[in-house]
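Given next are the chains, with one letter for each unit.
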Amino acid sequence: MTPVATQGGLGVWASHAAQSRGRRRPEPRAPNRDDFQRDRDRIVHSTAFRRLVYKTQVFLNHEGDLFRTRMTHSIEVAQLARSVARALRLNEDLCEAIALAHDLGHTPFGHAGQDALDACLRAAQPDGGGFEHNFQSLRVVDELEERYPDFDGLNLTFEAREGILKHCSPRHASALEAREPGGVGRRFLDHTQPSLEAQVCNLADEIAYNTHDIDDGVRSGLLAYEQLLALPAFAQFHREALGAFPGLGGRRLLFEVLRRTLSAQVHDLIGCSTARIQECAPADADEARRSGPLVLCSAEGAESARAVKAFLRSGLYRHPRVVQTTEAARAVVRDLFGAYTGDPSTLPAPHATRRPIHRAVADYIAGMTDRFALREHVRLFGAGRSGLAHEL
Ligand code: MG
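Quick look at the structure, then.

## Describing the overall build of the protein chain
Check the secondary structure of the protein chain and you find 19 helices and zero strands. Compactness check: the protein chain gives a C-alpha radius of gyration of 22 Å against a globular reference of 21 Å for 392 residues, within 12% of the reference. In the protein chain, which comprises 392 residues, the share counted as buried stands at 54%. Across the protein chain, the fraction of contacts at a sequence separation of at least 24, relative to all contacts at a separation of at least 6, is 69%. A total of about 17,200 Å² of accessible surface is found on the protein chain, and carbon and sulfur atoms cover 53% of it. Averaging the positions of the 49 positive and the 50 negative side-chain charges in the protein chain gives two centres separated by 2 Å.

Here is the structure:
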């Protein structure tokens, strides 16, 4: 990396806590932590973070104790993001904060839950923009957490909020811009990049789920190890692993191949991003935002990631057994949304009086863990209707 360094070994292109754009509501600095460490700590102590333990990543939470949940996924993303951040001389604490918070807005039951809630919201309010989990993650840290005596949400820094809002529709971006001019919605209207730390977290997220979903897919029995050999990168690491450890088999062979796959992606990302940052030589974090994507992998790396995604889509995410449970999960979310909006008195007190009711209900459902949603479904509709509740 270039010799230009600043305090703490961070590059000039990094986000520096001392130069943060600050919090929406100004607060005095903490004595022993900088603002990004403090953001990370607030996230770890939040209620929404603890709920991630019982939220589905791909497999429903009750399908097995060893599958990834949103919590373990978020921790893996944080680990990868910190490693990459250190190599690129970026701010590790900010990366950790973004990574741990990036999925706080996820509904129960993974993408099936999100799709169902999106459809419900769009039907209730056709021009409201529906449900987006990234936007919901921002709502959680800006408004929905209730921990502080004098403000809603966690009052995080601009940089953490910017990273959490990974995607945003133009409608939601315009709404954010109206409330907070020049704030976190702005880049989706200007088509600029977020901080390099946020860019790292986006790619760390993708590397994490592409790798751990293969592991979970094989663990579940829905993917066979032999199927993975259709992926060129996987086949190559399979040969290398057996070359280094002849006779290796079973789960240790899978882990060794996945470990090599993961390392190759991280090294590729660090190598390409280092070269790109050197080439552009942004003078500070804002110039880095205006320089197009600077954190990126090679063309071969991108192709290999596309192949893994396509493989997981057809082999795992659309596997009949996964589809069957996700269909049932979708119905649970639809039923709950209908019941609560039809009779708000079925909601707990603080939610029952919030308006508009469809937004209050969406926030309430989005915050649920898988098992809480199933319990609510049994309470309102009786046991047996979902086909999932017997798993509790
Ligand atoms: Mg994620």
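After presenting the structure, the write-up continues.
## Quick word on the nonpolar core
In this structure, Ile43, Leu88, Leu90, Leu104, Leu165, Leu196 and Val200 are the most contacted members of the largest nonpolar core, which totals 57 residues. Among the elements that make up this core, the one with the highest residue count is helix 10 (residues 196-220) (eight residues). Among all residues touching Ile43, those that are not within four sequence positions of it are Phe49, Ala97, Leu100, Ala101, Leu104, Leu154 and Leu156. Grouped together as the second largest cluster of nonpolar side chains are 26 residues, Val333, Val361, Ala362 and Ala366 included.

## Points about the coordination of the magnesium ion
Those protein atoms acting as donors to the magnesium ion are His73 (NE2), His102 (NE2), Asp103 (OD) and Asp205 (OD), and they sit at 2.2 to 2.7 Å. Each donor residue of the magnesium ion belongs to the same chain, and together they define the spacing H-x28-H-D-x101-D. Of this pair, His73 sits in helix 3 (residues 70-87) while His102 is found in the loop between helix 4 (92-101) and helix 5 (110-124), placing the two residues 29 residues apart along the sequence. On the basis of relative accessible area, His73 is assigned to the buried category, the value being 1%.

## Re empty space enclosed by the protein
For the coordinates displayed, the defined rule picks out three cavities of 30 Å³ or more. Its volume calculated, the largest cavity comes out at about 50 Å³. If you go around the largest cavity, the residues you meet are Val58, Phe59, Glu63, Leu222, Arg321, Val322, Thr325 and Thr326.

## Things to note about the layout of surface pockets
When its volume is computed, the largest pocket comes out at roughly 990 Å³. As for the largest pocket, its lining consists of 40 residues, of which His111, His133, Tyr209, Lys309 and Tyr317 are closest to the centre. Breaking the lining of the largest pocket down by element, the ones donating at least two residues are helix 3, helix 5, helix 6 (133-144), helix 9 (186-190), helix 10, helix 15 (299-317) and helix 16 (320-342). Broken down by element, the lining of the largest pocket gets its largest block of residues, eight residues, from helix 10. Broken down by class, the residue content of the lining of the largest pocket amounts to twelve nonpolar, 17 polar and eleven charged. Along the walls of the second largest pocket sit 29 residues, with Gln265, Glu300, Gly301, Ser304 and Ala305 positioned nearest its centre.

Parameters and conventions
Residues numbered from 1 in each chain as written. Predicted model: local features only at pLDDT ≥ 70, side-chain atom pairs only at ≥ 80, totals over all residues. Heavy atoms only, no water. Helix = DSSP H or I, 4+ residues; strand = E, 2+ residues; numbered from the N terminus. Rg over C-alpha atoms; globule rule 2.2 N^0.38 Å. Buried < 20%, exposed > 50% of the residue type's maximum accessible area, 1.4 Å probe, protein only. Contact = heavy atoms within 4.5 Å. Areas by Shrake-Rupley, 256 points an atom, 1.4 Å probe, with all protein chains shown as cover. Lys, Arg positive; Asp, Glu negative; His and termini not counted. Charge placed at Lys NZ, Arg CZ, Asp CG, Glu CD. Core = buried A, V, L, I, M, F, W, Y, C linked by side-chain atoms within 4.5 Å. Donors = N, O, S within 2.8 Å, 3.2 Å for Na, K, Ca; no water. 1 Å grid on protein atoms, 1.4 Å probe; cavity = no way out; pocket = protein on both sides within 12 Å on 5 of 7 lines; lining within 4 Å. Points joined across faces, edges and corners; volume = space filled by probe spheres on them. Nonpolar A, V, L, I, M, F, W, Y, C, P; charged D, E, K, R; others polar.

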